[in-house]
Amino acid sequence: MRFSDYFKNNAAPVISFELFPPKTERGLETLKNRVLPNLVKLNPAYITVTYGAGGSTQGQTLEIASAIKNDHSLEAACHLTCVGASRSDIDTIVRKIAEAGIGNIVALRGDAPQGQNTFVTHEDGFAHADELVSHIRETEDASTPFGLAVAGYPEKHQEAENIDVDIENLKKKVDAGADIIITQLFYDNDAFLAYRDKVKAAGIDIPIVPGLMPIQSSSQIQRIASMCGARLPDDLLKQLEDAGEDDDAATRIGTEQCIIQSRELLDSGAPGIHYYVLNRSSQIRRIVKGLS
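Analysis parameters
- Residues numbered from 1 in each chain as written.
- Predicted model: local features only at pLDDT ≥ 70, side-chain atom pairs only at ≥ 80, totals over all residues.
- Heavy atoms only, no water.
- Patch = residues over 30% accessible without salt bridge, like charges linked within 9 Å, V, L, I, M, F, W, Y side chains within 5 Å.
- Areas by Shrake-Rupley, 256 points an atom, 1.4 Å probe, with all protein chains shown as cover.
- Salt bridge = Lys/Arg side-chain N within 4 Å of Asp/Glu carboxyl O.
- Lys, Arg positive; Asp, Glu negative; His and termini not counted.
- Charge placed at Lys NZ, Arg CZ, Asp CG, Glu CD.
- Helix = DSSP H or I, 4+ residues; strand = E, 2+ residues; numbered from the N terminus.
- Buried < 20%, exposed > 50% of the residue type's maximum accessible area, 1.4 Å probe, protein only.
- Pairing = 2+ DSSP bridges.
- Axes fitted to C-alpha atoms, helices over the stretch in contact; angles between N-to-C directions.
- Contact = heavy atoms within 4.5 Å.

Asker: Could you clarify how one ought to interpret a positive patch on the surface in this entry?
Answerer: Residues Lys-41, Arg-285, Arg-286 and Lys-289 make up a contiguous surface patch of positive charge. Here Lys-41 shows up in the loop between helix H1 (25–40) and strand E2 (46–49). Judged by its relative accessible area of 63%, Lys-41 is exposed.

Have a look at this one:
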């Protein structure tokens, strides 16, 4: 199935997960043999797999996605970015994805590699995600088109001048052929709902899937949130400050917060939730159970 297939009837919320390739061989084995089977038991619609800066773990991305698809009979999606990639590189990666039987791609511009302040376009590559989406649509096998997801930013991309400019850029990606939008993480549902209204007002009518990252530690989430411009509501911030360095307490706070946030979003008409699970299964199991 392709991304859009899951949202056609809107019969039930579409729950999905995101994984990333571990940095070590031992971590990869743990992910494949323990974490992934536990996540599959939660019956997500699909699992997306990202990769490291500059494509450093791209081979593992395809390996993990192939295991999801072929070993567990669950739909998978590979992330694909423009970072350091020529058109020829992109074509090679897309061909390998198709050969592995994977029919979905999350198409992104990608962030600048660590140590670089700005994104640098490959001399024969793409500067923006809409160009990547357009290229995939122009070169794919028309008889078996990919499902394509693109990113949305409820609190705007940090490089965008303002939210209106950011949504103009989003519309370019949608017009180029995107099927669904998966958002950057956020903790303020009002920000998402306002964003959804603005996106619809701009003439964008494809599904907008909220992306949520369950909190596992106070220091970690404040660092991640600051990197992507996500605001932590005052009451949540106060709870995390009170937890201090007690990661178990922060995880309990994050689990309950994520359940409440998810329920509110689904009650407000969100078509599903995409969880950034950080390669762990126990917390997301409690969250999914809490939703049911």
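Asker: Whenever I open this one, the environment of Lys-289 confuses me. Can you help?
Answerer: Structurally, Lys-289 can be placed in helix H10 (residues 282–291). Taking the C-alpha atoms as reference, Lys-289 lies 8.8 Å from Leu-42; in sequence the two are 247 residues apart.

Asker: Explain the sheet that holds strand E8 (residues 272–276) here, please?
Answerer: Two pairing modes exist for strands in a sheet, parallel and antiparallel, and in both the strands are linked by backbone hydrogen bonds. Strand order around the closed barrel formed by eight strands is E1-E2-E3-E4-E5-E6-E7-E8, with parallel pairing between neighbours. When strand polarity is set aside, the average angle formed by the axes of neighbouring strands in this sheet is 30°. As defined by bridge partners, strand E1 (residues 14–19) adjoins E2 across four bridges and the pair is classed as parallel. By the bridge assignment, Leu-19 is partnered in E2 with Val-49. Against the sheet, helix H6 (residues 189–201) touches strand E5 (147–152), strand E6 (180–185) and strand E7 (208–212), its axis set at about 155° to E7.

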